[in-house]
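# Residue-level structural notes
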Amino acid sequence: MSDSAGGGEGGGGGGGGVGVGQDSEADNEPPQQATPLRPAGDGLGAGGTSEGGVPPSAKRCRMSEEDQDQGLDPVELREDASAPAGLLQENSDPPAQKELPQCEDESEGVEDAAVVVDGGEKCHQNGDGGSHVCSEGDAKPEEEHDGNGSADSPSDGQQLGLDFTQSPQMLTGSWTEYSNFPENYLKGCKWAPDGSCILTNSADNVLRVYNLPPEIYSYNWDVLPEMNPVLRMAEGDTIYDYCWYPKMNSMEPDTCFLASSSRDNPVHVWDAFYGEVRASFRPYNHLDELTAAHSLCFSPDGSQLYCGFDKTVRVFYTERPGRDCEERPTVVKKQGQSGIISCFGFSPCQSVYACGSYSRCAGLYSCQDGSLLALLPTRHHGGLTHLLFSPDGNYLYTGGRKDPEILCWDLREPGKVVFSLKRNVATNQRIYFDLDQSGRFLLSGDTEGVVSVWDTQTAPPDGNEELLQPQLRFQADWDCTNGISVHPFMPLLATSSGQRQFPWPGDSEGDSASDTEGGGGVMSRQERRQDNALSIWWAGPLCPAAEGGRDQETAAAAATVEVEEEEEEEA
């Protein structure tokens, strides 16, 4: 891929009039190989190796004594970077019958939606010289991601499972990329559907695509470099939402695209191989004025793009860019779901989708005609910012801004809350949460940089709205951990951190300058809290055999040192 960026508004129908401009950052320079350590100003130690001779991790957790008193486990890269083992426990229970009306899915038997712009390009080298990691078809839990064909890869048919009996290990990340722009905090991260790359959003209105380092697939974690983006796609203004095409497959470049919406701009469809605008969807309001979508989501088959507006959902057809769309009002005769539609979610087993709004409620709608099926009670203290269906479709998880609760709704009895999850959300920022493929583990960050992991299978069977305690909590960042995404089929987590910083009383430029000139001055509270980074975590088990091999190597090295010391004493 080449580091290019599309700017301005894309053309109308057919994806014509693609505008490709310069990125807001200096992309003409070749990516430089960054050291896996952060600068010393971030509070991390300088170089050096650990006692076992292993280089330090790419980013070590920074914890205070208060955090340790609260039982938060420090996260460090272990010296034994062995191959994981274990199988993912799949949910064998069949999904229960829903009480919601079953709608016919007109998309059954229909082939995948046509691509916006034809392109027969093959896989090619990325801008940083690394090959684009490709995987076959849709990522399924039973399939193995071959990676680079390393002998250390798991055997055929083996699935790497998540293991939250211990804190995840920090592998690598990207932080230098977000230090060139003042307060360039991240706003979320999302794995591609095939697991080959990561998409991030940040305050500089640039979408970035990262490929996983090939060393991760071969488990050579001692030499992991800092990640550099292979693509930068610059929007013209604040990015409201973004999403991957659900049928994205790196082996088929025509399916590698994503959609984004920004203020005062149409919805852009970006090519995930070249970073150019493929096409645009142009929504207009009742005054025939261009209006921006506040939320985006492709339908599961990828044939439609759902866009959220004030009391309205507009549905575009992926194969037909332009301004033609289907309007579905959420308020009819002063009845229904009011407010701006801020998030979407699609049921995995029924023709039903859910809409969350800033009016603090969620509604269930028919995919066929957009009719309202159920309106959930208003239980949240703030507007909804994110929602997810469980893999069996029986439950819906919702979370809001400035709201400490994630609620689990039983859709077989719409309006019933099964249990709630507590997290610290003290700002209006969108704090994402995610489920693993089995639906067992739910993960979320908070405004204090702590990631919590809940085991939903430990919920009480009677569903009396009890508060479910987290199975694991670990400090991921100094600053707000706003984004978290679980890899489709590997035990990897991606987290993004940062938030808008405001100066504290008494912190002035003059004081900071005098402290710097004096040397060794104490940093202001604002500087200590700032932490803008994308991080990759290993959340899988470690192979006992490999750990034993490491112990034997360490013992042999210690024995060699003792022999050498004895020889020196005799001499």
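Rules used throughout
- Residues numbered from 1 in each chain as written.
- Predicted model: local features only at pLDDT ≥ 70, side-chain atom pairs only at ≥ 80, totals over all residues.
- Heavy atoms only, no water.
- Helix = DSSP H or I, 4+ residues; strand = E, 2+ residues; numbered from the N terminus.
- Buried < 20%, exposed > 50% of the residue type's maximum accessible area, 1.4 Å probe, protein only.
- Core = buried A, V, L, I, M, F, W, Y, C linked by side-chain atoms within 4.5 Å.
- Salt bridge = Lys/Arg side-chain N within 4 Å of Asp/Glu carboxyl O.
- Pairing = 2+ DSSP bridges.
- Axes fitted to C-alpha atoms, helices over the stretch in contact; angles between N-to-C directions.
- Contact = heavy atoms within 4.5 Å.
- Polar contact = N/O pair within 3.5 Å; in protein donor to acceptor, adjacent residues only side chain to side chain.
- Lys, Arg positive; Asp, Glu negative; His and termini not counted.

On to unusual backbone geometry, then. Even without being a glycine, Asp264 presents a positive backbone phi close to 60°. Looking at where Asp264 falls in the secondary structure, it is placed in the loop between strand 9 (257-262) and strand 10 (267-271). A residue is classified by how much of its surface remains accessible, and Asp264, at 59% relative accessible area, is exposed. Even without glycine at this site, Lys333 takes up a positive phi of about 55°. Structurally, the position occupied by Lys333 is in the loop between strand 16 (331-332) and strand 17 (335-336).

Let's shift gears to the nonpolar core. Counting residues in each nonpolar core, the largest one holds 22 residues, and the members touching the most others are Ile198, Ile216, Leu492, Ile536 and Trp538. Listing elements by their share of this core, those giving two or more residues are strand 4 (186-191), helix 2 (214-218), strand 32 (492-497) and strand 33 (533-538).

This next bit is on the pattern of salt bridges. Pairing between side chains of opposite charge can happen when their charged atoms approach one another. Following the criterion strictly, the structure yields 11 salt bridges and no others. Among the ionic pairs, Arg278 bridges to Asp271, the shortest N-O distance being 3.1 Å. An identical accessibility class is assigned to Arg278 and Asp271; each is buried. The partner of Glu327 in a salt bridge is Arg314, and the shortest N-O contact between them spans 3.5 Å.

The next point concerns the sheet that holds strand 4. Spatially, four strands are ordered 4-5-6-7 in an open sheet, and the strand pairing comes out antiparallel. The sheet is open, and its two edges are formed by strand 4 and strand 7 (231-234), each paired on a single side. Between one strand axis and the next, the sheet turns by 20° as a mean value, whatever way the strands run. Pairing geometry for strand 5 (residues 197-202) and strand 6 (residues 206-211), over five bridges, is antiparallel.

Among the structural elements, Thr456 can be located in the loop between strand 28 (450-455) and strand 29 (466-468). Between the alpha carbons of Thr456 and Leu442 there is a distance of 7.1 Å; along the sequence they are 14 residues apart. Apart from the residues within four sequence positions on either side, Thr456 is in contact with Tyr397, Phe419, Gly439, Arg440, Leu442 and Leu468. Here Gly439 takes part through its backbone oxygen, which lies 3.1 Å from a polar atom of the side chain of Thr456.

Time to look at the side chain of Asp194. Checked against the element boundaries, Asp194 lands in the loop between strand 4 and strand 5. Among buried Asp, Glu, Lys and Arg side chains, Asp194 stands out as unpaired, with Arg278 the closest opposite charge at 12 Å. Within the structure, the side chain of Asp194 is placed 2.8 Å from the side chain of Ser196, a separation counted as a polar contact.

By themselves, these figures tell us nothing about what the structure is for.
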